[in-house]
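# Report on the structure
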Amino acid sequence: MPAISLTRHLIEEQRLGHVTPDLRLLLEVVARACKRISVAVGKGALGDVLGEAGGEAGSINVQGEAQKKLDVISNEILLEANAWGGHLAACASEEMAHCEPIPDAFPRGNYLLVFDPLDGSSNIDINASVGTIFSVLRCPEGTAAVEDAHFLQAGRTQVAAGYCLYGPSTMLVLTIGHGTHAFTLDREQGSFVLTRAHLRIPETTREFAINMSNQRHWEAPTQAYVADLLAGTDGPRGKDFNMRWVAAMVADVHRILTRGGIFIYPWDRKDPSKPGKLRLMYEANPMAMLVEQAGGAATNGRTRILDIEPDSLHQRVPVFLGSRDEVETATGYHLRHDGDAA
Ligand code: AFP
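Attention here is on the structure that accompanies the text. (Residues numbered from 1 in each chain as written. Predicted model: local features only at pLDDT ≥ 70, side-chain atom pairs only at ≥ 80, totals over all residues. Heavy atoms only, no water.)

## Notes on the packing of helix 4 (residues 220-231) against helix 7 (residues 324-341)
Where helix 4 contacts helix 7, the two axes come as close as 8 Å, and the packing angle between them is 140°. Taken as axis vectors, helix 4 and helix 7 run oblique relative to one another. For the crossing formed where helix 4 meets helix 7, the hand is right-handed. On the side of helix 4, the interface is formed by Ala220, Pro221, Thr222, Ala224, Tyr225, Asp228 and Leu229, while helix 7 contributes Glu326, Thr329, Ala330, Tyr333, His334 and His337. Of the residues contributing to the contact of helix 4 with helix 7, the split by class is 7 nonpolar, 4 polar and 2 charged. (Axes fitted to C-alpha atoms, helices over the stretch in contact; angles between N-to-C directions. Helix = DSSP H or I, 4+ residues; strand = E, 2+ residues; numbered from the N terminus. Parallel < 35°, antiparallel > 145°, perpendicular 65-115°, else oblique. Left-handed = near helix turned anticlockwise from the far one by under 90°. Contact = heavy atoms within 4.5 Å. Nonpolar A, V, L, I, M, F, W, Y, C, P; charged D, E, K, R; others polar.)

## What about the site of the ligand?
For the ligand, the set of nearby residues contains 17 residues, the closest of which are Asp119, Gly120, Asn211, Met249 and Tyr265. Within the side chain of asparagine 211, an N or O atom sits 2.7 Å from an oxygen atom of the ligand. At a separation of 3.4 Å, an oxygen atom of the ligand approaches a polar side-chain atom of glutamate 283. In isolation the ligand has 480 Å² of accessible area, and contact with the protein removes 86% of it. For the shell around the ligand, the secondary structure elements donating two or more residues are strand 3 (111-119), strand 11 (262-265) and strand 12 (278-279). Here the residues of the shell around the ligand sort into 8 nonpolar, 4 polar and 5 charged. (Near = heavy atom within 4 Å. Polar contact = N/O pair within 3.5 Å; in protein donor to acceptor, adjacent residues only side chain to side chain. Areas by Shrake-Rupley, 256 points an atom, 1.4 Å probe, with all protein chains shown as cover.)

## Focus: the side chain of histidine 150
Following the sequence through the fold, histidine 150 ends up in the loop between strand 4 (130-138) and strand 5 (160-166). At 2.9 Å, the side chain of histidine 150 and the backbone nitrogen of glutamate 147 are in polar contact.

## Notes on helix 6 (residues 280-293)
Here helix 6 lies mainly inside the structure; 12 of its 14 residues are buried. For helix 6, the set of buried residues is Leu280, Met281, Tyr282, Glu283, Ala284, Asn285, Pro286, Met287, Ala288, Met289, Leu290 and Val291. In the stretch just after helix 6, glycine 295 is the one whose phi turns positive, near 90°. (Buried < 20%, exposed > 50% of the residue type's maximum accessible area, 1.4 Å probe, protein only.)

## A word on the layout of surface pockets
In this structure, the largest pocket spans a volume of roughly 440 Å³. Lining the largest pocket we find 25 residues, and of these Gly120, Ser121, Ser122, Ala247 and Lys277 sit closest to its centre. In terms of residue count, strand 3 provides more of the lining of the largest pocket than any other element does, 3 residues in total. Of the domains in this structure, domain 1 (6-196) and domain 2 (207-341) are the two that each give at least three residues to the lining of the largest pocket. What the second largest pocket holds in volume is close to 270 Å³. Lining of the second largest pocket is provided by 16 residues; of these, Val41, Gly42, Asn127, Ala128 and Tyr166 occupy positions nearest its centre. Considering every element that reaches the lining of the second largest pocket, the biggest residue donor is helix 2 (residues 21-43), with 3 residues. (1 Å grid on protein atoms, 1.4 Å probe; cavity = no way out; pocket = protein on both sides within 12 Å on 5 of 7 lines; lining within 4 Å. Points joined across faces, edges and corners; volume = space filled by probe spheres on them. Domains from an automatic or database assignment.)

## Digging into empty space enclosed by the protein
A complete count under the given rule lists 1 cavity of 30 Å³ or more for this structure. The wall of the largest cavity is formed by Val114, Ser135, Leu137, Gln153, Gln158, Met281 and Asn285. Sorting the residues of the lining of the largest cavity by element identifies strand 4 and helix 6 as the ones contributing at least two each. Of the residues in the lining of the largest cavity, the class split is 3 nonpolar, 4 polar and no charged.

And the structure:
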């Protein structure tokens, strides 16, 4: 059986009516940009790509976080690659305060692209996994000048979502609403090859991912849920759980898509002004679509992530995603707590 490239996969999806020619082009362009980012990441210390952006003074992004050189390089690669193809109306990035419409010099398409150009960038300097996360929305019909408000659509309206993981191998994981599929970059050929079609997340799990150092800041139902996981066979769950934390959501979610588990970044009291750490549009929505398409579930502890109506481009949310039964259990702790409190 010959290898199925990403190009062939998308052409077959187009024949089935699952993807328009413009969306196919968009996804090919994003994949090409990810190959360029993969090369930049792979150069490491030899490529002058490590460390902070902005020289001595440093550079801070709209999230108030220090930017790494590779954050800036990856952002520029994605913007440049998507500017001229005629498939997009505008891009929004975790690294930019506002959306960036396609320059007037180029034709405008009907899609909006949202991305976190380099997720987990604190891992760059220790040579651990990082990734790019992206989401595609339709530009509302009749939009003359694209503004941030046009991006504020619930995650269930995404037409495609994916990530590229720059790990020991580079992998693109993609959904266009017909299953979640994984492609591995063949570095000799320079193309992504389908290596796992229709990923399925096991419904039950014995593995969880959370940054335990924040434990004292969590709200009561999150404390109770994790305490019961930690109690193992001695507690109400009656089984032992294992824990993993890569500190790059792409890598943690990739493990869950591969062997199951629950990923949690809950609300905490460290900075009560922030309703969670992760961004709805750049991280939670695309990952929730990929996970649901693989048979898993994703909530903010109370509500399905994909049903949250965004109120701003850089909105943050708590995230519980992965194996369906475990996400339902964790969500149950929060809903019961709210019910008791009421
Ligand atoms: P950066 O891309 O800004 O480094 O953040 C990555 C991330 O948002 C997400 O990928 C991780 O799950 C999470 O941060 C790790 O956060 P902690 O450092 O608080 O554990």
